[in-house]
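Take a look at the letters that make up each chain.
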Amino acid sequence: MTAPLSASAPPAAAPRQIRWLLRLHRPALCAWTVLVVGLAAALLWLWGPLTDASAAAWHRFDTDPACQGPAPCDYDQAAILRYKDVYQYTTLAVVAVPFLVAAWSGAALTSREMETGTARLAWTQGITPVRWLAARLAVPAVLVTAGTGPLVWLHHLAWSAGRGRIDSAEDWYDLTTFYAGGPLTVALALAGLVTGALLGLVLGRSLLTLCGSVLTVAALWTAVHLTLPHLWPAVTATSGRRAYPEHSGIETGEGVITPDGAHVPVSSCVSDAGQACQALNDRRHATGFYVDYHPYAHYLPLHLAGTALLLALTAAAAVAAFRLVHRRTTGRRPARARAIGPKAAV
């Protein structure tokens, strides 16, 4: 006789279920290990020898008088290009991690077992649906966090090592650089994992769930990117009519300053670049210009605010997945018992 779906799993079932889960997804685990170790090695190479060689080449180029003229000078251009290539490839690889996690989660974590029917078979072997789903979320979440966290930390170290030393280094607010070096990428990877599992339970088709989970991560990334500048108060830089406000960071707004000191947002002629703009700003009675932006000091607060938002959405998706599994397996059984009545049940 098979155990009911709501029966509690024995204590020894949890370690056995984890071992079975790791064995079932052994190819994905091996690929994940190779990816993390390879990227970590490349980032360590970038952080140390590549940054030092590129910085030395730029220092030679900036300080050698022979390099300031049209004649060729002796500096290690290959080191500069090598640093740039490795930095671009590793940055794109780190940014792509959430999409890879979402693709695997959507294609294999829950959808394949729902599609083949092995999930319901497992539920009749002393493993409750809630424990089944908890193992498929908790174990990959630990592995994803343990792999993605060090990668973004190493990327930030590699970028920081070249800051101020390499003329061609990316700014901190560059799109891929910003996301590859902070905890937002870890949160995006966890969101991809959970949404992939949820879509697998809803759709039950591997290929369809794969596409849907990747698109969901892309939508989440876009939404967070558009919302992020407004999650933390910006600072304001101002100037008179003769100049434009000096600033460096993520811009959130700009406009003109009126005689009473009010800041009026405008989308055109935020400087006296030409006679037409000068005439327009005269009609606006502008006395100066302003820019609202986030400086480098807001790098970590922006990441933490965006991470908190993404983790909240991820927790909501996890709750939805557990409620869906519970409703599908146990929610209808009491209603059926009440419908047939006590005499029919006997």
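Refer to the structure presented above.
These lines cover the structure that appears in this document, whether it is placed above or below. In this numbering scheme, every chain counts its residues from 1 along its sequence in written order. Thresholds applied to this predicted model are a pLDDT of at least 70 for local features of residues and 80 or more for the giving and counting of side-chain atom pairs; totals over whole chains, interfaces and linings are not thresholded and use all residues. Only hydrogens and water are removed before side-chain values are computed, so all heavy atoms of the structure are retained for them.

As for the overall build of the protein
Part 1 of the reasoning: The helix and strand labels rest on DSSP assignments: H or I over at least four residues marks a helix, E over at least two residues marks a strand, and numbering proceeds from the N terminus. A tally of helices and strands in the protein yields twelve helices and four strands.
Part 2 of the reasoning: Buried residues in the protein amount to 42% of all 346 residues.
Part 3 of the reasoning: By definition in these notes, contact holds between two residues if any of their heavy atoms fall within 4.5 Å. Here the contacts in the protein between residues at least 6 apart in sequence split such that 80% fall between residues at least 24 apart. Classification of residues uses two cut-offs on accessible area relative to the type maximum, computed with a 1.4 Å probe and protein chains only: under 20% is buried, over 50% is exposed, and between them is partly exposed.

Looking at the nonpolar core
Part 1 of the reasoning: We define the nonpolar core as a collection of buried residues of types Ala, Val, Leu, Ile, Met, Phe, Trp, Tyr and Cys that are connected through side-chain atoms lying within 4.5 Å of one another. Formed by 61 residues in total, the largest nonpolar core has its most connected members in Leu-46, Val-101, Leu-133, Phe-178, Leu-184, Leu-201 and Leu-310.
Part 2 of the reasoning: Of the residues forming this core, the biggest block, twelve residues, is contributed by helix α8 (residues 184-203).
Part 3 of the reasoning: Residue contacts for Leu-201: discarding those within four places in its chain leaves Thr-110, Met-114, Trp-132, Leu-133, Ala-321, Leu-324, Val-325 and Arg-328.
Part 4 of the reasoning: Core analysis: the second largest hydrophobic core is formed by five residues, Val-256, Val-270, Ala-286 and Phe-289 among them.

Topic: empty space enclosed by the protein
Part 1 of the reasoning: Cavities and pockets were defined on a 1 Å grid built over protein atoms only: a cavity is a set of grid points that admits a 1.4 Å probe from which the probe cannot escape, a pocket is an open set flanked by protein on both sides within 12 Å along at least five of seven lines, and lining residues are those with an atom within 4 Å of any such point. Grid points are joined across faces, edges and corners, and a volume is the space filled by probe spheres set on the points. By the definition in use, this model includes three cavities of 30 Å³ or more.
Part 2 of the reasoning: Lining the largest cavity are Tyr-83, Lys-84, Tyr-87, Gln-88, Ser-168, Ala-169 and Glu-170.
Part 3 of the reasoning: Under the scheme applied, nonpolar residues are Ala, Val, Leu, Ile, Met, Phe, Trp, Tyr, Cys and Pro; charged residues are Asp, Glu, Lys and Arg; polar residues are all the others, including Gly. For the lining of the largest cavity, a count of residues per class yields three nonpolar, two polar and two charged.

Observations concerning the pattern of salt bridges
Part 1 of the reasoning: We define a salt bridge as a side-chain nitrogen of Lys or Arg found within 4 Å of a carboxyl oxygen belonging to Asp or Glu. Throughout the structure, instances matching the rule amount to four salt bridges.
Part 2 of the reasoning: Each of Arg-241, Asp-272 and Asp-282 takes part in a single network of salt bridges with overlapping partners.

Considerations on the side chain of Asn-281
Part 1 of the reasoning: Residue position: Asn-281 is located in helix α10 (residues 275-283).
Part 2 of the reasoning: Apart from residues lying up to four places away in sequence, Asn-281 is in contact with Arg-241, Val-256, Cys-269, Ser-271, Asp-272, Ala-286 and Phe-289.

Re the environment of Val-217
Part 1 of the reasoning: Residue position: Val-217 is located in helix α9 (residues 206-227).
Part 2 of the reasoning: Sequence spacing of Val-217 and Leu-193 is 24 residues, and the spatial spacing of their C-alpha atoms is 9.5 Å.
Part 3 of the reasoning: Apart from the residues lying within four places of it in its own chain, the contact partners of Val-217 are Pro-98, Phe-99, Ala-102 and Gly-192.

With respect to the packing of α8 against α9
Part 1 of the reasoning: Between α8 and α9, the shortest axis-to-axis distance is 9 Å and the interhelical angle comes to 140°. Two packed elements cross with a definite hand, and for α8 against α9 that hand is right-handed. In this structure, α8 uses Leu-184, Leu-188, Ala-191, Gly-192, Thr-195, Gly-196, Leu-199, Gly-200 and Leu-203 to contact α9, whose residues at the interface are Leu-208, Thr-209, Gly-212, Ser-213, Thr-216, Val-217, Leu-220, Trp-221 and Val-224.
Part 2 of the reasoning: The residue inventory of the contact of α8 with α9, partitioned by class, reads ten nonpolar, eight polar and no charged. Axis lines are fitted through C-alpha atoms, for helices just across the contact stretch, and the angle between N-to-C directions can take any value from 0 to 180 degrees. Note: crossing handedness is left-handed where the near helix turns anticlockwise from the far helix by less than a right angle, and right-handed where it turns clockwise.

What to know about α9
Part 1 of the reasoning: Between its first and last C-alpha, α9 extends 31 Å over 22 residues, near the 32 Å set by a 1.5 Å rise per residue.
Part 2 of the reasoning: Taken together, the buried positions of α9 are Ser-206, Thr-209, Ser-213, Val-217, Leu-220, Trp-221 and Val-224. Here the buried residues of α9 occupy an arc of 110° about the axis, which is enough to place them on one side. When the buried face of α9 is taken as reference, the exposed residues oriented beyond 90 degrees from it are Leu-207, Leu-208, Leu-215 and Leu-226. Expected span, for any helix, means 1.5 Å times one less than how many residues it has. This arc is built from the directions going out from the helix axis to the C-beta atoms.

Describing the state of the cysteines
Part 1 of the reasoning: By convention in this document, the label disulfide applies to cysteine sulfur atom pairs within 2.5 Å. Enumeration according to the criterion identifies one disulfide in this entry.
Part 2 of the reasoning: The partner cysteine of Cys-269 in its disulfide is Cys-277, sulfur to sulfur 2.2 Å. Linking Cys-269 and Cys-277, the disulfide has an S-S dihedral of approximately -65° and is accordingly described as left-handed. The exposure classification of Cys-269 matches that of Cys-277, with both residues buried.

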